[in-house]
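# Working through the structure, step by step
The residues making up each chain are set out below.
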Amino acid sequence: MNILKQLVLAKHRFSGLTRHCRGNENPISLRSSYLHSSTDASIEVHSPEQEVVIALGSNVGDRLDNFNNALELMNKSGINITRHACLYETAPAYVTDQPNFLNSAVRAVTKLGPHELLAVLKQIEKDMGRFGGIRYGPRPIDLDILFYGKFKVHSDILTIPHERIWERPFVMAPLMDLLGSSADCDTVTCWHSFSLLSGGLLEVWEKMGGESLIGKEGMKRVLPIKSGLWDWSQRTSVMGILNVTPDSFSDGGKFVSVEAAVTQARLMISEGADMIDIGAQSTRPMASRISAEEELDRLMPVLEAVAGMPEAEGKLISVDSFYSKVASEAVSKGAHLVNDVSAGQLDSNMLRVVAGLRVPYIAMHMRGEPHTMQNSENLQYDDVCKQVASEIYSRVKDVELSGIPAWRVIIDPGIGFSKKTEHDLDILVGLPNIRAEIARKSFGVSHAPMLIGPSRKKFLGHICSRIAADERDPATIACVTAGVLGGANIVRVHNVRDNADSVKVCDAMLKQRSTKNLS
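Because the structure is a prediction, the values reported are computed rather than measured.

### Quick notes on the pairing of strand β14 (residues 337–340)
What you see with β14 is no split at all: Leu 337 and Asn 339 on one side and Val 338 and Asp 340 on the other are buried throughout. Pairing of strand β13 (residues 316–320) with β14 involves three bridges; the strand directions are parallel. Along β14, the bridge assignment pairs Val 319 with Val 338. A crossover links β13 with its parallel partner β14, the connecting element being helix α10 (residues 324–332), and its sense is right-handed.

Pasting the structure below:
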C-alpha cells in the first residue's frame with residue numbers, strides 16, 4: 001500500500017493530531033498520547049516498547065568515532081537500534097563558521113518514556129564531552145529525538161516531533177533513509193501524518209529538493225573507509241580480482257606464489273584499479289570448501305606483501321572470504337573491507353566480528369553455498385529482480401541488527417551465484433528495479449553502493465560460445481557498460497585495463513546526461 005492510501009486510512013483511524021493511537025490500544029496511552037506538561041510533571045508514557053527516531057550529528061574531533069561511541073552507549077542504555085540511515089557530510093547551518101558535520105539517524109525501540117529518553121541522550125552527550133557552547137555551534141555529538149511512537153510531546157524541555165525537522169535537509173535526508181516508499185507499520189504511517197501533507201514525509205522531502213540535494217557542495221552521502229569518507233557518486237570504482245587459489249574458474253593457479261600475486265596486483269593498479277580484492281578460496285559452482293586455516297595460509301603472505309607495496313598507497317584492499325576468522329586476521333594485516341559472498345550465512349560469527357572491526361561489508365546475494373547454489377531448488381525465481389532485492393534486504397536487516405550500520409554496507413546482487421543465464425541478464429538490465437524494490441522497504445539500503453561481478457562468468461561463455469574464461473573479456477565489458485549505466489558503483493573484474501576504459505566512458509555519459517537534465 002502506498003503512503004497516500006495509508007494516510008487516507010489514517011485520517012479515519014486517528015481522531016486528530018493530538019491522538020495518534022489506534023482505537024484498540026490501552027486507554028491510558030490514549031489519554032496521554034498528547035503530552036503537554038511542565039518539566040516537573042509526572043505524566044509520562046508507559047508502554048512495553050515504543051519505536052523512536054534519533055538524529056545524530058558531530059563536527060568536533062573524530063566525528064565517525066563519536067558516532068560509533070554514541071551508538072554503543074545508546075544500545076547499552078536501553079535504546080535498541082534496529083535501523084541506520086546513510087551517513088552524510090554536510091555544511092554547517094545557522095552558524096556557518098565551523099567545520100562540516102557528519103549527520104545520520106537511527107530507528108530504535110525503547111521502554112524509556114520520552115523525558116527519560118531525553119535524559120539518557122543528554123547524559124550520553126555530556127559523557128562524550130558536550131558542555132553548553134554556542135547554540136547550533138560545534139559539538140562532539142548531538143542527539144535529537146525526532147519521533148517517539150505515535151505521540152506528540154510538548155513540555156518546557158521537549159517537543160516531539162522535533163520542531164525543526166521540516167526545515168533541515170540534513171535531518172530529512174537521513175530520516176527518509178529510515179523509511180520506505182511503503183510504510184512498514186502503523187507508527188510510520190503516523191509519522192507521515194505529522195507532516196500535515198497528503199504525501200507525508202515523502203512530500204516534505206520532495207518539496208525541499210529531495211535526491212537533487214545529494215552530491216552537491218552542502219550535502220554528500222558518504223561511506224567511511226580506510227581513514228576517509230568515500231563519496232561513491234563521483235565516479236565508478238574498479239575492483240581488480242586477485243585469486244590466490246589453485247582452482248578458481250578463470251585464473252586458478254596463476255597467482256598462488258607471493259611474487260606472481262604482487263606482480264599481478266601491481267599491474268592492475270597501473271591499469272586503473274581502485275581496489276584489489278584478494279581471495280584464497282574458490283567460490284565457483286561446485287567448489288569444495290577449505291578450512292579457515294588453509295585459507296589463511298594461502299592469503300596472509302600475499303595480503304601482507306600487497307599491502308606493503310608502495311603502489312598500494314591510496315588504494316583499497318578487500319578480502320574475499322565468508323569466514324569470520326579470515327576477515328579478522330585480514331583486517332589486522334591491512335585489508336580495508338570484507339567481501340562476503342554469503343552475506344553472513346556461512347559463518348554465524350561473521351556479522352558480529354565485522355561489526356567489531358568497523359570496516360565496510362559487501363553483502364552479496366546467494367542461495368545455499370557454492371557447492372549447492374546451482375541446484376534446482378536454488379534456481380527457482382518468479383521475478384528474479386524482485387526476489388533478489390527482497391532477499392538482499394532481509395540479509396541487510398540481519399547485518400544491521402548485528403551492529404553493522406547501513407552506512408558501512410555495500411550490496412551485490414550476486415551475478416552468477418544461484419542464477420541461470422536468463423537471471424543474470426535480467427539482473428544486469430534490472431539494477432534500477434532492484435534498487436526500487438529495496439526502496440519499498442528502505443530508502444537507505446536502496447541508496448547503498450552497489451557492486452557487480454559479471455567478469456568472465458559462465459553465462460557469458462554460453463551466450464558467446466566462449467569455452468575459455470579468458471576469452472570472455474569483451475563480453476564482460478558489455479556487462480560492465482550495462483551495469484554502470486544502470487547504477488552500479490563498483491565493478492569487480494579480472495581485466496582491469498579494458499574495463500577501466502569502459503567505466504570512464506560510462507561515467508562521462510552519465511555526467512553528460514546529468515548536465516543536460518540540469519540545463
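### Description of the sheet that holds β14
The strand order β16-β15-β14-β13-β12-β11-β18-β17 describes an open sheet built from eight strands, whose pairing is parallel. The outermost strands of the open sheet, each flanked by one partner alone, are β16 (409–412) and β17 (451–452). Sheet topology places β17 next to strand β18 (residues 490–493); two bridges connect them, and they run parallel. Directly across from Leu 451, in β18, lies its bridge partner Ile 490. Against the sheet, helix α12 (residues 384–401) touches β15 (361–364) and β16, its axis set at about 155° to β16.

### Quick look at the environment of Gln 281
Mapping Gln 281 onto the fold places it in the loop between β12 (275–279) and α9 (292–307). On the basis of relative accessibility, which here comes to 7%, the residue Gln 281 falls in the buried class. Sequence separation of Gln 281 and Glu 295 is 14 residues, and the distance between their C-alpha atoms is 6.2 Å. Beyond its immediate chain neighbours, meaning those up to four positions away, Gln 281 contacts Thr 245, Ser 288, Arg 289, Ile 290, Glu 295, Arg 298, Phe 322 and Tyr 323.

### Some points on the nonpolar core
Among the nonpolar cores identified, the biggest contains 81 residues, and Leu 242, Ile 278, Leu 299, Val 306, Val 338, Tyr 361 and Ile 434 are the most heavily contacted of them. The dominant element in this core, judged by the number of residues it contributes, is α12, at eight residues. Contact partners of Val 306, with chain neighbours within four places excluded, come to Leu 242, Val 262, Ala 265, Ile 278, Ala 312 and Ile 317. Membership of the second largest hydrophobic core comes to 30 residues, among which are Phe 67, Leu 87, Tyr 148 and Phe 151.

Cut-offs applied
Residues numbered from 1 in each chain as written. Predicted model: local features only at pLDDT ≥ 70, side-chain atom pairs only at ≥ 80, totals over all residues. Heavy atoms only, no water. Buried < 20%, exposed > 50% of the residue type's maximum accessible area, 1.4 Å probe, protein only. Helix = DSSP H or I, 4+ residues; strand = E, 2+ residues; numbered from the N terminus. Pairing = 2+ DSSP bridges. Right-handed = clockwise from strand over helix to strand, strands pointing away. Contact = heavy atoms within 4.5 Å. Axes fitted to C-alpha atoms, helices over the stretch in contact; angles between N-to-C directions. Core = buried A, V, L, I, M, F, W, Y, C linked by side-chain atoms within 4.5 Å.

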